[in-house]
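Fold and geometry: a report
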Amino acid sequence: MALTVERAIVRPYAFDLGLRTARGRVAARRGWHIGLEADGLCGWGDVAPWPGFGVDEAQARAALDTLDPAADPSALPAPVAHGLEQARLDLAARRAGCSITALLGLDPATSVASHRLVADADEARAAVADGACALKVKVAADPLADDDARVGAIRDAAPDIDLRLDANGGWDRAAAADATRALARHRPAWIEQPLPAADVDGLVALRRISPAPLAVDESVARLGEPALALAEVAVIKPMFVGGLRRARDLARAARRRGLTVCITHALESPLGRLGALHLAAGLEGPGGRGVHGLGGAAVEVRGRLSLPGGPGMGWAPREAAR
Ligand SMILES: [Mg+2]
């Protein structure tokens, strides 16, 4: 039964991130929490745009300023659609006394594999000692010779682990051809977004010559389902594709095409990360490759992230406690 929302709450948040990618250093991660109140319950959703993934902060803020809780999410910018849908799912699931994965038509695993973002060999060794199932390494911010040496040192520190390299679209065609050839000798599981999402022809051509499997991430956010024709791996972020249902549908489409699916968050607040975790748990299986770096709201033990119990998301922003 549809709930009539009695009050909508929009609260900004920000926290230190200190991440370096091919697009530069990201000092702070900012976003908003949407709360929808009805029948004495409150459902929460996360809105966290990011430059390079289609929607900037000004666009998201403009949509939030005029937000109608009953709006069709598909008419909203993707991160705002994500937050509104997540808040509705959380509210409906709390009322029904079930997890949001049940409302997504999924039967969740109790935990999922995580991968850990590392920058050098020391961090890689520490992650392996903690039981990380896979390592993710940002590349393309430095000259190829530096990336090659750093990735090689990480591979030496973790000879057997699943190693995922992410260029965030930071190479041009010639550089991507050189880089995929050079970095393939470190046996990456995949090289993610070697070219900008706008360079569809370049990605098609690169895939023919790359000795390493390719993954699309920004391309999925920009193109949706057509991006699934460009790579062997689909990295799907609910925040950037317009919500959990859309991410679920893209994941199913990717698997039908034979792609490996990796559901990840967008380094947003624990609320959004938990949404990705719930979806990843619902899709976990032979093709499930986990979420990464989940902090604050999930327990990680030996590389596995446990789902929180309780109805809805199983968690709410601290400021919502009352
Ligand atoms: Mg990526």
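Procedures and definitions
- Residues numbered from 1 in each chain as written.
- Predicted model: local features only at pLDDT ≥ 70, side-chain atom pairs only at ≥ 80, totals over all residues.
- Helix = DSSP H or I, 4+ residues; strand = E, 2+ residues; numbered from the N terminus.
- Rg over C-alpha atoms; globule rule 2.2 N^0.38 Å.
- Buried ≥ 20, exposed ≤ 12 C-beta atoms within 10 Å, placed from the backbone.
- Contact = placed C-beta atoms within 7 Å.
- Expected span 1.5 Å × (residues − 1).
- Pairing = 2+ DSSP bridges.
- Core = buried A, V, L, I, M, F, W, Y, C linked by C-beta atoms within 7 Å.
- Domains from an automatic or database assignment.
- Axes fitted to C-alpha atoms, helices over the stretch in contact; angles between N-to-C directions.
- Left-handed = near helix turned anticlockwise from the far one by under 90°.
- Nonpolar A, V, L, I, M, F, W, Y, C, P; charged D, E, K, R; others polar.
- Parallel < 35°, antiparallel > 145°, perpendicular 65-115°, else oblique.

1. A word on the overall build of the chain
- Within the chain, the regular secondary structure consists of 11 helices and 13 strands.
- Taken against the 2.2 N^0.38 rule, which gives 20 Å for 322 residues, the C-alpha radius of gyration of the chain at 19 Å falls within 12% of a compact globule.
- Overall, the C-alpha framework of the chain stretches about 60 × 40 × 40 Å when taken along its three principal axes.
- Within the chain, the fraction of its 322 residues that count as buried is 50%.
- In the chain, of all internal contacts separated by at least 6 residues, the share reaching a separation of at least 24 is 65%.

2. Focus: helix α11 (residues 270-283)
- Taking 1.5 Å per residue, 14 residues should reach 20 Å; α11 reaches 20 Å between its end C-alpha atoms and fits that length.
- α11 sits mainly inside the fold: 14 of its 14 residues count as buried.

3. Comments concerning the pairing of strand β9 (residues 233-236)
- Of the two faces of β9, the one carrying Val233 and Val235 and the one carrying Ala234 and Ile236 are both buried.
- Both strand β8 (residues 214-216) and β9 contribute to a ladder of two bridges, which runs parallel. Following the sheet pairing, alanine 215 is matched in β9 by valine 233.
- One ladder, built from four bridges, connects β9 with strand β10 (residues 260-263); its direction is parallel. If you follow isoleucine 236 over to β10, its bridge partner there is isoleucine 263.

4. Topic: the nonpolar core
- With 93 residues, the main nonpolar core has Leu135, Ala234, Ile236, Ile263 and Leu277 as its most contacted residues.
- Per-element accounting of this core gives the leading share, nine residues, to helix α2 (residues 78-96).
- Residue-level mapping places this core at the junction of two domains, with at least three residues from each of domain 1 (7-97) and domain 2 (111-319).
- In this structure isoleucine 236 touches Val220, Val241, Ala247, Leu250, Ala251, Val261 and Ile263, once residues within four positions along its chain are discounted.

5. Some points on the sheet that holds strand β2 (residues 24-38)
- As summarised here, the arrangement of the three strands in space is β1-β2-β3, forming an open sheet in which the pairing is antiparallel. Each edge of the open sheet carries a strand with a single partner, namely β1 (7-21) and β3 (41-47). Neighbour-to-neighbour, the strand axes of the sheet open up by a mean angle of 20°, direction not taken into account.
- In this sheet, β2 lies alongside β1 in antiparallel orientation, the contact comprising 13 bridges.

6. Remarks on helix α10 (residues 244-256)
- In a regular helix each residue adds 1.5 Å, so 13 residues correspond to 18 Å; α10 covers 18 Å between its end C-alpha atoms and thus fits that length.
- Within α10, burial applies to Leu244, Arg245, Arg246, Ala247, Arg248, Leu250, Ala251 and Ala254.
- Close packing links the buried residues of α10 with α2, α8 (218-223), β9, α9 (238-241), β10 and α11.
- Just downstream of α10 lies glycine 258, where phi reads positive at about 90°.

7. Structural notes on unusual backbone geometry
- Even without a glycine there, the phi angle at arginine 187 is positive, about 55°.
- When you line up the elements, arginine 187 lands in the loop between α6 (173-183) and β7 (190-192).
- The phi dihedral of glutamine 193 falls on the positive side, at around 40°, and the residue is not glycine.
- In this fold, glutamine 193 is placed in the loop between β7 and α7 (200-209).
- Judged by the 28 C-beta atoms lying within 10 Å of it, glutamine 193 falls in the buried class.

8. Points about the packing of α10 against α11
- Axis separation between α10 and α11 bottoms out at 11 Å; the angle between their running directions is 35°. Crossing handedness for the pair α10 and α11: right-handed. Only Gly275, Leu279 and Leu283 of α11 make contact with α10, whose side of the interface consists of Leu244, Ala247, Arg248 and Ala251.
- Along the lines of polarity and charge, the residues of the contact of α10 with α11 split into five nonpolar, one polar and one charged.

9. Overview of the domain arrangement of the chain
- Per the domain assignment, the segments of the chain are domain 1 (7-97) and domain 2 (111-319).
- A separation of 22 Å is found between the C-alpha centroids of domain 1 and domain 2.
- The interface of domain 1 with domain 2 comprises 32 residues on the first partner and 31 residues on the second.
- When residues of the side of domain 1 that touches domain 2 are traced back to their parent elements, those giving at least two are β1, β2, β3 and α2.
- If you tally residues by element for the side of domain 1 that touches domain 2, the top one is α2, at 10 residues.

10. Thoughts on the packing of α6 against α7
- Interaxial distance between α6 and α7 falls to 10 Å at its minimum, and their mutual angle equals 25°. Taken together, α6 and α7 sit at an angle that is classed as roughly parallel. Regarding α6 and α7, the two cross each other, and that crossing is right-handed. Contacts between α6 and α7 pair Arg173, Ala176, Ala177 and Thr180 from the former with Gly202, Leu206 and Ile209 from the latter.
- A class-by-class count of the residues in the contact of α6 with α7 yields four nonpolar, two polar and one charged.

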